[in-house]
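Breakdown of the fold
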Amino acid sequence: MSPSAVVVVNHNTRELLRACLASLPSGVPAVVVDNASTDGSAEMVRASFPHAVLLADGTNPGYGAAANRGVRACAAEHVLVLNSDTRLEPGALEALGAHLDRHPRAAVAGPALLNPDGSPQASCFPFPGTLGWLLENDPVAPLAVRIPGLRGRLLCASPPRRAAAVPWVLGAALAVRRSAFEEVGGFDEAYFMYFEEVDLCRRLASAGW
């Protein structure tokens, strides 16, 4: 299996970051990009996770720019970009890497996202402006999910239970193929926060991934 690494972007979430890093498999390369935290996050990483690469220069360039910096700082072909408020289940990183290995034209793989009680979160969505997006965001959406045969087509109402091609996946946990990521220039750093993963997936799709 191709080697994997983890990049975590952090801003003032010290204890969440601690739990996130503690959930990573032993020996997996980890990069923490700290965006000008003032809560002792950087000090905690240095003290508790000395094996992690810490990038903390006192600036906050935004999520996408920080994630790009983290990806550049590691050498793995598959990089899981994680929010600091996530925790990995055992085997999750290996499963994502194996999926990318099996599907060489897949640029991104997103895992199932679960709440603490094990219930599913919405993790994949249609592109804005498409018919699927209109159905899921229109005021009739609560009625649409009650129609037999339609509910299963609405990604927000029925996240896939097994691997499936979807338009875009939530950036909370986004495994990227380095070659594809670099081909399109990574995240667009003009987005300071939010929507950067939508834009990334759209550009990857337009590039044939």
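Note: the structure precedes this text.
We now turn to the structure provided with this report.

Reading guide: rules and limits
- The residue numbers shown here count from 1 along each chain, following its written sequence.
- Residue-level local features of this predicted model are given only where pLDDT is at least 70; pairs of side-chain atoms are given and counted only at 80 or more, and the full residue set underlies all totals for whole chains, interfaces and linings.
- The basis for every side-chain value is the complete set of heavy atoms in the structure, and neither hydrogens nor water enter the calculation.
- At least two bridges found by DSSP between two strands are what make those strands a pair.
- Secondary structure elements follow DSSP: runs of H or I no shorter than four residues count as helices, runs of E no shorter than two count as strands, and numbering proceeds from the N terminus.
- Contacts are assigned to residue pairs with any non-hydrogen atoms lying within 4.5 Å of each other.
- Orientation is described by axes fitted as lines to C-alpha atoms, over the contacting stretch for helices, and by angles from 0 to 180 degrees between their N-to-C directions.
- Residues qualify for a patch when their relative accessible area is over 30% and they have no salt bridge, like charges being joined within 9 Å and the nonpolar side chains of Val, Leu, Ile, Met, Phe, Trp and Tyr within 5 Å.
- Per-residue and other accessible areas follow the Shrake-Rupley method at a 1.4 Å probe size, with only the shown protein chains counted as cover for residues.
- Here a salt bridge means any side-chain nitrogen of Lys or Arg lying within 4 Å of a carboxyl oxygen belonging to Asp or Glu.
- Throughout, exposure labels follow a simple rule: accessible area from a 1.4 Å probe, protein chains only, divided by the maximum for the residue type, with under 20% read as buried, over 50% as exposed, and the rest as partly exposed.
- Orientation categories follow fixed angle ranges, with anything under 35 degrees roughly parallel, anything over 145 roughly antiparallel, 65 to 115 roughly perpendicular, and all other angles oblique.
- The handedness criterion is simple: a crossing whose near helix is rotated anticlockwise from the far helix by less than a right angle is left-handed, and one whose near helix is rotated clockwise is right-handed.
- Polar here means any residue other than Ala, Val, Leu, Ile, Met, Phe, Trp, Tyr, Cys and Pro, which are nonpolar, and Asp, Glu, Lys and Arg, which are charged; Gly is therefore polar.
- In this count, Lys and Arg are taken as positive residues and Asp and Glu as negative ones, while His and the chain termini are left out.
- Polar contact is defined as a pair of N or O atoms within 3.5 Å, subject to the rule that within protein one atom must be able to donate a hydrogen and the other to accept it, and that residues adjacent in sequence are counted only when both atoms are side-chain atoms.
- Aromatic pairing here means that ring centres of Phe, Tyr or Trp (its six-membered ring) are within 6.5 Å. Orientation follows from the plane angle: under 30 degrees is stacked, over 60 is edge-to-face, and everything else is tilted.
- Here, a charge over a ring means that NZ of Lys or CZ of Arg falls within 6 Å of the ring centre while also lying within 35 degrees of the ring normal.

**Focus: the sheet that holds strand E2 (residues 30-34)**
With mixed pairing, 6 strands are arranged side by side in an open sheet as E3-E2-E1-E4-E10-E5. Among the strands making up the open sheet, the edge pair consists of strand E3 (53-55) and strand E5 (108-109). As paired elements, strand E4 (residues 78-83) and strand E10 (residues 173-177) share 5 bridges and run antiparallel to each other. When the bridges of E10 are listed, leucine 80 appears paired with alanine 175. Lying on the sheet, helix H4 (residues 92-102) is in contact with strand E1 (4-10), E4, E5 and E10; it crosses E4 at an angle near 135°.

**A look at a nonpolar patch on the surface**
A surface patch of nonpolar side chains, amounting to about 480 Å² of accessible area, comprises Phe192, Met193, Tyr194 and Phe195. Mapped onto the elements, tyrosine 194 comes out in the loop between helix H7 (178-183) and helix H8 (196-206). What makes tyrosine 194 exposed here is its relative accessible area of 60%.

**As for the packing of helix H1 (residues 14-22) against helix H2 (residues 41-48)**
Two elements in contact, H1 and H2, have axes whose closest approach is 9 Å; the angle formed by their N-to-C orientations is 30°. On the basis of their axis angle, the class for H1 and H2 is roughly parallel. Helix-helix and strand crossings are classified by hand; for H1 and H2 the assignment is right-handed. Two secondary-structure elements touch here, H1 through Arg14, Leu17, Arg18 and Leu21 and H2 through Ser41, Met44, Val45 and Ser48. When its residues are assigned to classes, the contact of H1 with H2 shows 4 nonpolar, 2 polar and 2 charged.

**Some points on the side chain of aspartate 34**
Here aspartate 34 lies in strand E2. At 7.9 Å, arginine 46 is the nearest oppositely charged side chain to aspartate 34, a buried residue that forms no salt bridge. A polar side-chain atom of aspartate 34 sits 2.7 Å from a polar atom in the side chain of serine 37. Discounting chain neighbours no more than four positions away, the residues touching aspartate 34 are Asn10, Ser41, Leu54, Leu55, Ala56 and Thr59.

**Things to note about the pairing of E1**
The buried count for E1 comes to 7 of 7 residues, which makes it a mostly enclosed element. Taking every second residue as pointing to the same face, both faces of E1 are buried, with Ser4, Val6, Val8 and Asn10 on one and Ala5, Val7 and Val9 on the other. Sheet topology note: the E1/E4 ladder contains 6 bridges and is parallel. Bridge pairing in E4 links alanine 5 to valine 79. As judged from the 5 bridges shared by E1 and E2, these two strands associate in the parallel manner.

**Notes on the environment of leucine 17**
With respect to the helices, strands and loops of the structure, leucine 17 is situated in helix H1. A relative accessible area of 0% places leucine 17 in the buried class. For the pair formed by leucine 17 and valine 45, sequence separation is 28 residues and the distance between their alpha carbons is 8.6 Å. Sequence-distant contacts of leucine 17, that is, excluding residues within four places in its chain, are made with Val8, Asn10, Val32, Ser41, Met44, Val45 and Ser84.

**Some points on the packing of aromatic side chains**
With the rule as written, the count across this model stands at 3 aromatic pairs. Consider the rings of tyrosine 63 and phenylalanine 187, whose centres lie 6.4 Å apart with planes at 70°: the pair is edge-to-face. Here tyrosine 63 is found in helix H3 (residues 63-72), whereas its partner phenylalanine 187 is found in the loop between H7 and H8, with 124 residues between them in sequence. Exposure class is identical for tyrosine 63 and phenylalanine 187. Each is buried. Chaining the aromatic ring pairs together yields one cluster made of Tyr63, Phe181 and Phe187. A cation over an aromatic ring shows up here: arginine 105 above the ring of tryptophan 209, its NZ or CZ 3.9 Å from the ring centre.

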